[in-house]
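Residue-level structure breakdown
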Amino acid sequence: MDAVILLNKPAGITSFDAVRRCRRIFHEKKAGHTGTLDPEATGLMIILLGRYTKLLPYCAAQFKQYRATFSFGRATDTEDIWGNVTAEKEPGEHSQAELDGAAKAMTGDIMQVPPMYSAIKKGGRKLYEYARKGIEIEREARKITVSSLSVEKTGDNIYTMDACVSSGTYIRTLITDYAASLGELAAMTSLVRTGIDHLSLEQAVTFEQLENGEGLVRAADVIDQRWQRVPLVMEKKVRNGMALNLEGYGEQILFTDGGEPCAVYEKQEDGLYHCLRGLW
């Protein structure tokens, strides 16, 4: 079955497990998703089934919103409370002004070294495979963008972080680096993905709702908003992937027909719109 799902992933399962369960519910072999969540993390996932897997390169994924909690005083090998403790230190007290200042300093384009417990590949193997064997691999820092970041104390040594970050950012590491800027050790205690670009966790459904026939969304709704929606014209040419001479549109367009994505086109140097991919 062809389907687009905004899933509220529960804690305790991998993203692969979440996709596999959706496949079982809809009896569909072909499936994909637009971004992994750690097993203990919860929140929004975009899952595509059947022919809609063609949409993967064009789905919303530029920026993701998260709410995380963490505590000061200890560090772990996974940068969260589910790892092994590697260091401990008595936590200090910090005013809201100090918390705000540290958050402001980490807003914008910054460099982040990916954690060892991640699925990034090095030498043909995922980093977490090395980490589980106690092997530390040198990792290059990567540029990430933190569009917004706020932290406040919400309990006894419990802090809540709200962040909007570029795709590929590790919130566990963001917390570790944030704590270090305050002279602290920290471990993440929970993580919820609350949004992906224009999509919100409020739109997501549970497995139980899916099993009851609820929760499917229109395919065009999950496409990156940078692709301008254009009602289908010159259908025969579009179906054949022919270049088009169009006026009044942006550089990237998505042809739709009744909410269904048909094809993605991009304006090129010759002034014509060329088909990148048909989505029928």
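Residues numbered from 1 in each chain as written. Predicted model: local features only at pLDDT ≥ 70, side-chain atom pairs only at ≥ 80, totals over all residues. Heavy atoms only, no water.

Phe70, Met161, Ile171, Leu174, Tyr178 and Leu210 are the most contacted members of the largest nonpolar core, which has 42 residues in total. When neighbours within four sequence positions are excluded, Phe70 is seen to be in contact with Val151, Asn157, Ile158, Tyr159, Met161, Ile175, Tyr178, Ala186, Ala187, Met188 and Thr189. The next biggest cluster of nonpolar side chains, apart from the first, holds 21 residues, and it includes Leu6, Leu44, Tyr52 and Leu254. (Core = buried A, V, L, I, M, F, W, Y, C linked by side-chain atoms within 4.5 Å. Buried < 20%, exposed > 50% of the residue type's maximum accessible area, 1.4 Å probe, protein only. Contact = heavy atoms within 4.5 Å.)

This paragraph deals with the pattern of salt bridges. Here the structure, examined in full by the defined rule, presents twelve salt bridges. Across the salt bridge formed by Glu93 and Lys153, the nearest N and O atoms sit 3.5 Å from each other. Here Lys153 lies in strand E10 (residues 142-155) and Glu93 lies in the loop between strand E6 (85-88) and helix H2 (96-105), a separation of 60 residues in the sequence. Classification of Glu93 as exposed rests on a relative accessible area of 65%. Across the pair Arg226 and Asp224 runs a salt bridge, and its minimum N-O distance is 2.7 Å. Residues joined by salt bridges that share partners form a network here, namely Asp2, Arg51 and Glu260. (Salt bridge = Lys/Arg side-chain N within 4 Å of Asp/Glu carboxyl O. Helix = DSSP H or I, 4+ residues; strand = E, 2+ residues; numbered from the N terminus.)

Let us now look at the state of the cysteines. Scanning all chains against the criterion turns up zero disulfides. In this structure Cys59 is not part of a disulfide, and its nearest cysteine sulfur, from Cys22, lies 14 Å away. The exposure class of Cys59 is buried, given its relative accessible area of 5%. With no disulfide of its own, Cys262 has Cys275 as its nearest cysteine by sulfur position, at a separation of 11 Å. Cys262 sits in the buried class, given a relative accessible area of 2%. (Disulfide = S-S within 2.5 Å.)

Here strand E16 (residues 260-267) pairs with strand E17 (residues 273-278) via five bridges, running antiparallel. Bridge pairing in E17 places Glu266 opposite His274. Counting the residues in the hairpin turn of E16 and E17 gives five residues, including Gly271, whose phi is positive at 85°. (Pairing = 2+ DSSP bridges.)

Turning our attention to helix H1 (residues 15-26). Across its twelve residues, H1 extends 17 Å between first and last C-alpha, which sits within 8% of the 16 Å expected from 1.5 Å per residue. Those residues of H1 lying buried are Ser15, Ala18, Val19, Cys22, Ile25 and Phe26. Axial view of H1: buried residues confined to an arc of 120°, hence all on one face. For H1, exposure combined with an orientation more than 90 degrees from the buried face picks out Phe16 and Arg24. Looking at the buried side of H1, the elements it contacts are strand E1 (3-9), strand E2 (31-33), strand E3 (42-49) and helix H5 (207-211). (Expected span 1.5 Å × (residues − 1). Arc of directions from axis to C-beta.)

To continue, consider the sheet that holds strand E15 (residues 252-257). Strand order in the open sheet made by the four strands is E14-E15-E16-E17, with mixed pairing throughout. Both outer strands of the open sheet, strand E14 (228-231) and E17, are each paired with one neighbouring strand and no more. Averaged over all pairs of adjacent strands, the angle between strand axes in this sheet comes to 35°, irrespective of strand direction. (Axes fitted to C-alpha atoms, helices over the stretch in contact; angles between N-to-C directions.)

Counted by the stated rule, this structure contains six aromatic pairs. Measuring from ring centre to ring centre gives 5.5 Å for Tyr58 and Trp227, while their planes differ by 90°; the resulting arrangement is edge-to-face. Placement of Tyr58 in the loop between E3 and strand E4 (63-72) and of Trp227 in the loop between H5 and E14 is noted, with a sequence separation of 169 residues between them. You can call Tyr58 buried: its relative accessible area is 10%. By relative accessible area, which is 8% here, Trp227 ends up buried. Ring geometry for Phe72 and Tyr159: centres 4.6 Å apart, planes at 50°, overall tilted. With Phe72 in strand E4 and Tyr159 in strand E11 (residues 158-166), this residue pair connects regions lying 87 residues apart in the sequence. Judged by relative accessible area, which is 1%, Tyr159 ranks as buried. Linked through ring pairs, Phe70, Phe72, Tyr159 and Tyr178 together constitute an aromatic cluster. Lying across the ring of Trp280, Arg239 places its NZ or CZ 4.2 Å from the centre. (Phe/Tyr/Trp six-rings, centres within 6.5 Å; stacked < 30°, edge-to-face > 60°. Lys NZ or Arg CZ within 6 Å of the ring centre and 35° of its normal.)

Before going further, it helps to spend a moment on the layout of surface pockets. By volume, the largest pocket is sized at about 980 Å³. Breaking the lining of the largest pocket down by element, the ones donating at least two residues are H1, E4, helix H3 (127-132), E11, helix H4 (171-181) and strand E12 (186-196). Here the lining of the largest pocket is composed, by residue class, of twelve nonpolar, eleven polar and nine charged. (1 Å grid on protein atoms, 1.4 Å probe; cavity = no way out; pocket = protein on both sides within 12 Å on 5 of 7 lines; lining within 4 Å. Points joined across faces, edges and corners; volume = space filled by probe spheres on them. Nonpolar A, V, L, I, M, F, W, Y, C, P; charged D, E, K, R; others polar.)

Once that is clear, we can look at unusual backbone geometry. For Glu79, which is not a glycine, the phi torsion comes out positive at approximately 70°. Following the sequence through the fold, Glu79 ends up in the loop between strand E5 (74-76) and E6. The class of Glu79 is buried, set by a relative accessible area of 14%.

Any functional reading would require information that these geometric values do not contain.
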